[in-house]
Each structure stands twice: as C-alpha cells, then as structure tokens.
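Here is how the chains run, residue by residue.
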Amino acid sequence: MDTTKRLPLSTYRIQFNSNFTFKSCTEIVEYLASLGISHVYASPIFKARPGSTHGYDICDDNSLNPELGSTEEFSELIQQLQENGIGWIQDIVPNHMAFDPANKMLADVLENGQDSVYGKFFDVTWDHPYENLRGKILLPFLGTTYGSSLEAGDLALKMDEKGLFIGCYGKRFPVQPETYAEVFSGCTDKLKAELHEDNPILVKFIGALLSFQKPAKQILPEERNATISMARTILRDLYIESNLVRTAMDEAIAGFNGSMENPKGYERFDELHASQFFRLAFWKVASEELNYRRFFTISDLIGVRVEIPEVFDSINTMIFDMLDKGIVQGLRIDHIDGLYDPLEYLKRIRMRFPETFIVCEKILSRNETLPEQWPVQGTTGYEFLSAVNTLFIRSDSQQAFDKIYAEFTERIFSFDDLVVEKKRVIIEKYMAGDIDNCALLLKRIAGKDRMGSDITMYALRRAIVELLAYFPVYRTYINPDNIAERDRAYLTQAITKAQMKNPSLINELHFINKFLIQTGESAEHDQRPSDRLGFIMRLQQFSGALMAKGFEDTVFYNYNRLISLNEVGGDPGRFGDKNESFHDFCKFRQEHWPSSFNSTETHDTKQGADTRARINVLSEIPTEWSKQVRKWRSMNRGFVKIIDDKPVPDANVEYMLYQTLVGSFPFDQNALASYPGRVRGYALKAVREAKENSNWIKFDSDYEGGIAEFITAILDNDPSNKFLADFIPFQRKIAWYGIFNSLSQTALKLTTPGIPDCYQGAETWDLNLVDPDNRRQVDFANRKIALDAIVAREGGDLQALVKDLLTSMTNGHVKMYLYHRSLNLRKTKHDVFEKGQYLPLSFKGSHKNSVVGFVKKYAGSCIAVVVPRFLTGFVPEGRLPLGRDLWRDTAMSMPSEAMPSSWRNILTNETVPGVSNTLVGDLFSSFPLAILEA
C-alpha cells in the first residue's frame with residue numbers, strides 16, 4: 001500500500017530507547033499491521049544525550065541515535081513497514097537541544113562564544129546587564145557555590161584527545177583558543193632549554209601556540225576553526241610522541257589546578273575561568289540569573305533560535321531529506337508554544353512540504369481552539385482526551401465531591417485562586433531570572449516613552465508577574481504581521497483580572513496592555529517596533545512554560561478532588577460534562593480539524609487511560625466513596641508518622657493515594673510484587689511536583705521516606721492488613737465498572753472525528769501512572785499471541801469469540817479485539833470516518849443518560865456507534881451490561897437521514913433492524929457497546 005500521500009487512518013506511538021531499538025520495532029511490524037495500524041508515530045530518533053530514555057534531549061538533529069541501532073537497521077525497519085503498508089510519522093524537537101558535551105554545536109559556542117559558526121543557534125542573551133554574564137553563557141551545573149566547588153576539587157583544567165577543557169562532574173567544557181597560549185606559554189622555555197632552536201619538535205610546538213593566539217585581523221569562523229583544529233592536532237601528536245613535551249604540558253596544566261601544595265593554582269584557575277565564554281555557577285543560580293532560554297525550567301535543555309532561517313535549515317537537514325525520500329510521511333512538532341513565532345515556523349515547513357501530514361503538540365485550554373490559520377492537520381489530541389474523559393464523570397456529583405474533599409483534607413480554597421498562587425510560586429522560585437530579563441527589556445522601552453518613563457523596574461516586574469499569573473491560556477500568537485482578536489481578548493482578560501486584584505498596579509498594567517495590543521496606525525508610528533516586538537515575542541515564549549510548570553506540574557498534584565481530571569489538556573475545575581458538549585466538540589472537530597489525533601494517553605499523561613476510567617466511576621458513588629475513604633483513614637492512622645508536628649502523609653496526599661490505588665491496582669496477580677515500588681515512585685514524583693512538602697530543588701528526605709513507608713505498610717500483603725482486606729473488594733467493584741468505561745472511551749476514540757492514536761501497549765489495559773512508569777517495556781510477545789488467536793477465530797463464530805473475550809476481560813484482550821475490529825473497519829470505510837457528517841444520537845427511556853451515541857454519514861454509507869456509561873446505578877457488580885431486562889425501555893432515536901434498512905454490529909456480526917426507536921438492550925445483546933455498519 002502506498003503510504004506517501006495519504007492521511008493516517010490510525011497511529012501507534014513508539015517510545016524508542018536502548019531497550020526498544022529499530023530492530024525491536026522491526027519484530028512487531030506484522031503485529032501492528034494485523035492490529036490495523038496505518039502509521040508508526042515515533043518518538044525522536046536523532047542523536048540524543050547518551051543514555052537518554054526518551055530522545056527529547058537531542059545533541060545532533062542530523063544523525064540517528066546510535067543507541068537505537070545502525071543506519072542499516074533503520075533502513076530495514078522502514079522497508080518492513082512499507083512492505084506492510086505502514087507509514088512513519090516522526091516526532092521532531094525544534095525548540096531545544098541538550099546542554100551536553102555530546103552537543104558539538106553547543107561545544108563550539110562554549111569554545112568560541114558569539115564568533116562561533118553556531119553563535120546564532122542558541123537563545124542566549126549575550127548582552128546581559130550583569131557584567132559577569134556579558135558575552136558569556138551561564139552554566140548552572142555546580143553542586144555548590146563556585147568557590148567551594150573549586151576548592152573541593154570538583155573543577156579542574158584537563159586535556160584529552162580533543163584538547164583542553166574544564167572538567168566538572170564528568171562534563172566537558174572546552175576552553176577558548178587563546179587559553180592554550182596562556183596555559184602552555186611556559187612550556188616553550190623548558191623545551192628551549194632541552195632542544196636546539198631548529199629542532200622540529202620545538203618549531204612545531206611554537207608554531208602551534210602562535211596559531212592559538214587571537215588573529216590580528218578578522219577572519220571567518222570556518223577559517224579560524226580550521227587553524228585551531230590543525231594546531232590542536234599538532235599539540236596532541238607532540239604530546240603522544242615526545243616525553244619531553246608530555247611532561248612540560250602536564251606540569252603546565254597542573255599549575256592551574258589548586259591544592260594544598262599549590263594554593264596559587266586556585267587563583268590561576270579562577271583567572272582562566274574568568275576569560276572563558278562561559279561562567280560555571282551553583283545550580284540554584286539558574287532560577288535568578290540564567291541568560292539562556294530553557295525548556296520549561298530544565299537547565300540542561302537550551303533553547304534553539306529556529307526562527308533564524310539558517311538555523312531552521314541546519315537542524316532540519318536530515319528530517320527534510322527523509323521527507324523528500326518518502327521515508328517519513330508526517331511530522332509531529334514538539335512544544336510548538338516554545339517557538340518564537342509558531343505560525344512562521346509552520347509556514348516554512350508547509351511551503352517546503354505542501355502535502356505532508358503535520359500535527360503539533362499544542363495544549364488547548366477550556367474553550368480555546370487551534371488558530372485556524374495554522375497550516376497543519378491538527379494537534380496531538382489532548383483536547384480529545386479531556387472531552388472524552390469528562391463525558392464519564394457525573395457532573396451532578398460535584399457538590400458531593402467538593403464536600404468529601406474539603407472534609408477529608410480540611411482544605412477549602414478556590415481552584416482558580418490556587419492556579420494563580422502556584423503560577424506565582426513557579427515565577428518566584430524557578431523562573432525569576434526569566435521574568436527579570438523580560439522586565440529589563442520592558443524598562444528599556446518604557447524609559448523612551450513619555451507614558452512609561454516614570455514606571456519603575458520593580459513595578460514593571462510586578463505587573464508582568466500578575467499578567468502571567470492571570471493569563472487564561474498557554475500563550476498568544478502575536479507576530480510581526482498582526483494581533484488576532486482572540487489574542488487581544490486573552491490579554492484584555494488577564495489585564496482586567498490583574499488590575500482588579502492589584503489596584504496599586506493599575507497604571508503599570510494599563511501601560512503594558514496598551515503596549516502589547518497596539519496595532520494599525522499606532523503601531524505604524526511606534527518608534528520602537530523592534531524593541532516592542534522583541535518583548536512581546538519573548539513574553540509569549542515564557543507564558544507557555546509557566547502554564548505548563550504552574551498548572552500541569554504543580555496544581556495537578558495539589559488539587560486532588562478527583563485526580564482523573566488532573567490530566568494534560570484537562571481542567572480539574574470542570575467536573576464532568578453534558579452529552580451535548582461532547583457532541584458539539586465532535587462536530588467542531590469534524591468541520592475544522594478532522595485529522596487531529598484522538599489520544600487518551602501519551603508519554604506525558606499523568607495516568608493511563610484505564611486508570612482514569614476507573615477513577616471516574618467514583619463520581620457515580622460519592623456516598624459510598626466517602627464512607628470508604630473515612631474508613632481507610634481510620635484503619636491506616638497507625639501508619640501515619642508525625643514529623644515536625646505534621647502528619648506524613650498529610651491528608652491531601654493520603655486522599656490522592658487512595659484514588660491512585662483504586663485506579664491503578666493490577667488485574668494480574670503476577671504484577672502485585674512490583675506494584676508497591678511503582679506507587680512509591682509515583683508518590684515521590686507527585687509530592688515533589690506539588691512543591692508543598694518537598695520539591696525537586698530541595699528534597700525533604702524525612703517526608704518522602706515517611707510516605708514511602710506508609711505505602712509499603714498499607715500494601716503489605718499480610719492477612720493482618722485490615723486495609724488491604726477492605727480495599728480489594730471495593731477496588732474490584734470499581735475495576736469491574738471501569739472496564740466498561742474503558743471500552744466505551746476506546747470505542748469513541750476509534751470512531752469519532754479525528755485519527756485514533758494508540759500509545760504503545762495501550763491496546764490492552766493501560767493502568768500506568770506518570771512517567772517513567774508509563775515508559776516501561778511492553779510485552780509485545782504475549783500481545784502478538786493474543787492477537788493471532790483473535791485473528792484465527794474471527795472468521796468463524798464471532799459471538800463465541802466475543803463470549804470468551806468477555807469471560808476473561810481482565811487480560812485486556814477484549815480491548816485489543818475492539819481495536820482490531822474498529823481499525824480494520826476504518827480501512828474499508830475510511831471516507832466515512834474522514835469526511836462523514838457527524839450526527840448525534842438521542843436516547844429516551846429509563847437509562848437514557850447512561851448511553852452516548854452518534855452516526856457518521858457519507859455518500860450513502862453510515863456508521864453508528866453507541867456506548868454505555870454510568871452503570872453503577874442499575875447494573876449489578878459482576879454482571880455484564882447486556883440485554884433488555886437491564887436496559888428496559890431505553891431506546892435510540894435514529895435521525896431519518898441516517899436510517900438504513902438494517903445494521904450489522906461489526907463486533908458480533910449481529911443484525912439490527914434500522915428502525916427509528918431501537919432498544920438499547922437489543923444493541924447490547926452480546927457485547928457492551930455497538931459499532932454498527934449500515
């Protein structure tokens with residue numbers, strides 16, 4: 001099958017690393033084809049930091065990661081995929097690269113500063129207002145202060161086959177060329193004392209040192225690099241070949257490394273360090289003085305200036321070659337909000353590849369839509385995850401859960417206020433330097449404006465903080481060409497809220513507002529267009545990072561009312577949704593973004609899709625849930641420690657843990673041995689992300705240890721453990737209903753407008769937690785055996801197969817069956833799924849609120865999908881939700897324009913008459929959902 005010019009029908013996300021290589025993927029190609037997958041959706045495969053488990057810390061965009069396999073193995077994989085009709089969508093990372101010695105471009109910048117061939121590649125503020133950072137890059141990688149690190153021997157001047165460098169914790173920071181002349185100048189006299197003046201060794205040595213000196217006139221960086229490279233080669237060869245040279249050079253280097261015997265070495269090293277194009281510093285300095293743009297708050301990921309055409313072309317050379325050759329058919333663009341000008345970046349790619357499938361990782365806030373002018377097929381699907389997840393949460397239970405949460409934790413607060421509070425925390429503790437840089441830039445501009453000349457730097461900084469704290473979306477997209485009305489509205493909303501909460505900043509916020517949104521005639525007369533634009537573009541880049549860290553990675557671990565809502569792309573303050581809202585979402589998608597991904601789990605989600613599906617069941621039984629958690633709290637009180645007069649875990653964390661256990665407790669008894677360790681790992685990450693009792697900067701070992709002990713105690717598989725004895729029956733009940741939530745949300749993912757994306761291994765039960773738990777190795781061998789068995793039987797008695805699958809649902813093969821049948825239906829009916837009109841179904845009868853359905857209609861073909869939800873009220877535990885006796889008079893009303901003479905359920909081969917009021921009990925006679933083909 002030709003994969004080069006068609007849209008994906010479905011995707012399968014693969015996380016490549018040293019444990020799952022190109023060769024490993026080759027071994028599952030036939031399995032993926034049988035499952036029904038049309039495209040592999042690959043994590044970054046380019047050269048990453050050695051040992052990378054995810055590939056987003058790229059060191060070289062233009063070579064394959066050797067830890068994933070050879071070029072030949074990659075070619076063999078691509079050939080196998082193409083022979084099986086499977087295409088390739090590649091995840092690319094344009095925003096940042098690894099701050100690592102393996103990053104040769106960055107190493108060249110550290111060595112040569114702004115004069116490097118790659119001097120423009122990285123987003124560095126070279127003209128920083130602090131004198132000790134001007135013309136340098138801050139390296140915040142020391143475990144303690146610079147002076148202490150130096151005297152502790154953590155810093156040292158060294159030399160290897162590549163040349164001189166400053167070594168620090170195994171990292172290698174190359175020194176600038178002139179340093180060679182400084183370090184080895186004394187060697188010349190020693191060599192002259194032993195060698196004749198025309199001795200080749202002496203002549204070569206002196207010539208090499210002269211090459212390292214600063215040239216008398218300006219030369220091209222490429223010429224300078226060639227000269228320095230040759231001089232380094234000469235020194236290295238002399239070092240190897242001559243004992244005399246080796247001894248002299250070793251002694252010279254040692255003279256710069258201080259010790260008790262050589263105290264002057266500290267001063268010499270300090271002077272040498274001060275002359276470099278970098279400044280090593282305590283890692284905590286990064287929060288306040290950093291002068292390069294990071295990925296979020298990760299100091300060892302440095303921002304790339306992909307907005308510069310030269311940089312754009314350079315880092316995309318290999319991926320563009322792959323697209324030209326048909327090796328890759330589509331792109332997934334990582335962290336689009338981190339780019340200087342996302343629209344311009346996308347336009348450049350689209351101009352180069354007008355037909356290539358492109359999706360971007362864009363997280364949309366509530367009621368936000370993807371900018372329609374973006375030349376992409378859509379997003380990676382977080383908005384779908386949120387829409388389908390809230391569909392399975394009973395919104396009428398919100399007040400009950402508010403009360404349960406408040407009584408259990410004794411915490412009463414506004415969710416919106418919590419978001420603002422945590423965003424401020426992130427700014428002050430982790431992004432203060434970034435905000436200072438923005439404020440400095442704005443102060444320079446304000447000083448030239450009569451309306452802003454009296455506004456102080458301090459007031460501007462406070463105003464920027466408040467603007468960002470109240471910002472309702474990840475970022476706006478103002479660019480040199482225009483400001484969209486939606487962006488103007490978001491800015492106005494944030495400014496208005498900030499002014500209401502901070503009356504003392506009204507003037508400053510008014511100035512910023514006017515400054516940000518001026519367009520048209522006022523912009524034409526602006527005397528500072530480049531300064532203004534520079535500030536706006538920089539502020540936009542940081543607003544997305546702040547939302548990610550303050551909202552996703554902090555609030556989501558603080559606000560635990562119902563943690564299935566605390567998901568990337570979700571809104572914990574939105575408790576459930578109506579059928580109509582979901583249908584409106586699907587209709588909008590079909591009209592505007594029919595090729596966006598439908599995702600329910602990714603490598604970045606906080607919980608697996610089936611973990612959330614279980615937790616959602618709790619929204620149906622608030623009274624019973626309240627009773628259980630109060631009972632468990634009493635049972636486990638003896639395991640709670642008191643440290644510094646505070647309970648460990650505190651009530652908020654304990655409440656979160658009980659939900660986590662309900663959601664993720666394994667079906668498989670063989671998985672129980674590793675389960676406590678997985679929960680401890682999750683809890684450790686959760687409390688650090690919450691930043692209340694511990695954090696990633698300053699661990700509270702006592703608190704973290706107390707939580708680990710609590711988890712170990714309550715999960716101790718001992719007959720005397722009262723909690724586990726009480727927990728397991730309740731959990732099994734939740735897991736039973738969670739199965740049907742899972743099947744329903746999976747069916748919607750596979751059939752609603754959009755391209756279904758399956759995260760690796762999630763074709764069976766996905767009870768994972770946040771990474772790295774969700775990046776564990778997948779047992780593909782057993783999955784292949786299960787799928788082969790399904791395929792072998794589906795040509796025979798389908799109802800007998802279905803009955804067997806439903807009898808053994810805990811192994812997850814019933815979910816695999818749903819994937820297989822649905823994905824292969826998409827192949828035969830792809831026009832209906834891609835182009836079909838979306839028509840919501842209505843229901844009536846006793847359990848009308850427990851059914852959701854729709855029809856897709858295109859050119860005379862129809863597909864109808866009906867799924868259940870909210871089953872706890874009328875389906876007994878342990879019973880399948882099948883038949884008329886359960887569903888009674890609940891019936892589906894079919895639109896007249898989509899009513900064939902009969903339907904075939906592709907999951908059972910049963911035939912259903914095409915009548916206006918079909919009983920749901922007849923649709924669900926032998927399988928707990930229906931996918932109907934006219």
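I will try to describe carefully the structure that is included in this document. The shown structure was predicted, so the numbers you read here are calculated from the model rather than taken from an experiment.

### Quick notes on the pattern of salt bridges
Part 1 of the argument: Under the counting rule described, the total for this entry stands at 59 salt bridges.
Part 2 of the argument: Put simply, E368 and K362 hold a salt bridge, and the shortest N to O gap is 3.9 Å. For the pair formed by E368 and K362, the shared burial category is buried.
Part 3 of the argument: Connected through salt bridges with shared partners, the residues R13, D91, R332, D334 and E361 form a single ionic network.

### Comments concerning the sheet that holds strand β21 (residues 837-840)
Part 1 of the argument: Spatially, six strands are ordered β21-β23-β24-β29-β26-β27 in an open sheet, and the strand pairing comes out antiparallel. Of all the strands in the sheet, just β21 and β27 (911-913) have a single pairing partner and so form its edges. Taken pair by pair, the neighbouring strands of this sheet meet at an average axis angle of 25°, ignoring direction.
Part 2 of the argument: In this sheet, strand β24 (residues 861-868) lies alongside strand β23 (residues 851-858) in antiparallel orientation, the contact comprising eight bridges. In the sheet register, Y858 faces β24, and the bridge partner there is S861.
Part 3 of the argument: Relative to β24, helix α30 (residues 722-751) is tilted by about 160°, and along the sheet it contacts β23, β24 and β29 (930-933).

### Some points on the packing of aromatic side chains
Part 1 of the argument: For the structure on display, the rule yields 49 aromatic pairs.
Part 2 of the argument: Judged by centre distance (5.6 Å) and plane angle (75°), the rings of W632 and F730 are edge-to-face. With W632 in helix α26 (residues 622-635) and F730 in helix α30, the pair connects residues that are 98 residues apart, well separated along the chain.
Part 3 of the argument: The exposure class assigned to F730 is buried, which follows from its relative accessible area of 4%.
Part 4 of the argument: With a centroid separation of 5.8 Å and 35° between ring planes, the pair formed by Y658 and F723 is classed as tilted. Here Y658, found in helix α27 (residues 651-664), pairs with F723, found in helix α30; they are 65 residues apart in sequence, far enough to count as distant. For the residue pair Y658 and F723, the accessibility class agrees, reading buried in each case.
Part 5 of the argument: Over the ring of F667 we find R614, and its NZ or CZ is 4.6 Å from the ring centre.
Part 6 of the argument: Of note, R633 hangs over the ring of F408, and the distance from its end group to the ring centre comes to 4.3 Å.

### Structural notes on the sheet that holds strand β6 (residues 96-98)
Part 1 of the argument: If you walk across this open sheet you meet the three strands as β6-β13-β12, and the pairing is antiparallel. Edge positions in the sheet fall to β6 and β12 (294-295), since each of these pairs with one other strand and no more.
Part 2 of the argument: Judged from the three bridges that link them, β6 and strand β13 (residues 298-303) form a sheet pairing that is antiparallel. By the bridge assignment for β13, H96 is matched with G303.

### Topic: helix α16 (residues 398-409)
Part 1 of the argument: Taking 1.5 Å of rise per residue, twelve residues should cover 16 Å, and α16 covers 16 Å from first to last C-alpha, within 8% of that figure.
Part 2 of the argument: Of all the positions in α16, only F401, I404, Y405, A406, F408 and T409 are classed as buried.
Part 3 of the argument: E410, located one to two residues past α16, shows a positive phi value of around 55°.

### Re the state of the cysteines
Part 1 of the argument: Under the criterion given, the structure shown has zero disulfides.
Part 2 of the argument: In this structure C25 is not part of a disulfide, and its nearest cysteine sulfur, from C758, lies 13 Å away.
Part 3 of the argument: The closest cysteine sulfur to the non-disulfide-bonded C168 is located on C59, 17 Å from its own sulfur.
Part 4 of the argument: You can call C168 buried: its relative accessible area is 1%.

### Topic: the nonpolar core
Part 1 of the argument: The biggest cluster of nonpolar side chains holds 294 residues, and the ones touching the most others in it are F16, I45, W88, F184 and W625.
Part 2 of the argument: Sorting elements by how many residues they give to this core places α30 first, with 13 residues.
Part 3 of the argument: Counting residues in each nonpolar core, the second largest holds six residues, with Y41, F357, V359 and I755 among its members.

### Side note on the pairing of strand β10 (residues 171-174)
Part 1 of the argument: Two strands pair when backbone bridges link them, and strand β9 (residues 163-168) and β10 are joined in this way by four bridges, in the antiparallel orientation. What sits directly across from F165, in β10, is P174.
Part 2 of the argument: If you look at the hairpin formed by β9 and β10, you'll find two residues sitting between the two strands, and Y169 has a positive phi there, around 50°.

### Points about a negative patch on the surface
Part 1 of the argument: A cluster of acidic residues, E182, E267, D270 and E271, forms a negative patch on the protein surface.
Part 2 of the argument: For the negative patch, the element with the most residues is helix α10 (residues 264-274), which contributes three residues.
Part 3 of the argument: Structurally, E271 is set in helix α10.

Calculation notes
Residues numbered from 1 in each chain as written. Predicted model: local features only at pLDDT ≥ 70, side-chain atom pairs only at ≥ 80, totals over all residues. Heavy atoms only, no water. Salt bridge = Lys/Arg side-chain N within 4 Å of Asp/Glu carboxyl O. Buried < 20%, exposed > 50% of the residue type's maximum accessible area, 1.4 Å probe, protein only. Pairing = 2+ DSSP bridges. Helix = DSSP H or I, 4+ residues; strand = E, 2+ residues; numbered from the N terminus. Axes fitted to C-alpha atoms, helices over the stretch in contact; angles between N-to-C directions. Contact = heavy atoms within 4.5 Å. Phe/Tyr/Trp six-rings, centres within 6.5 Å; stacked < 30°, edge-to-face > 60°. Lys NZ or Arg CZ within 6 Å of the ring centre and 35° of its normal. Expected span 1.5 Å × (residues − 1). Disulfide = S-S within 2.5 Å. Core = buried A, V, L, I, M, F, W, Y, C linked by side-chain atoms within 4.5 Å. Patch = residues over 30% accessible without salt bridge, like charges linked within 9 Å, V, L, I, M, F, W, Y side chains within 5 Å. Areas by Shrake-Rupley, 256 points an atom, 1.4 Å probe, with all protein chains shown as cover. Lys, Arg positive; Asp, Glu negative; His and termini not counted. Charge placed at Lys NZ, Arg CZ, Asp CG, Glu CD.

Everything listed here is a matter of coordinates, which is why it stays silent on function.
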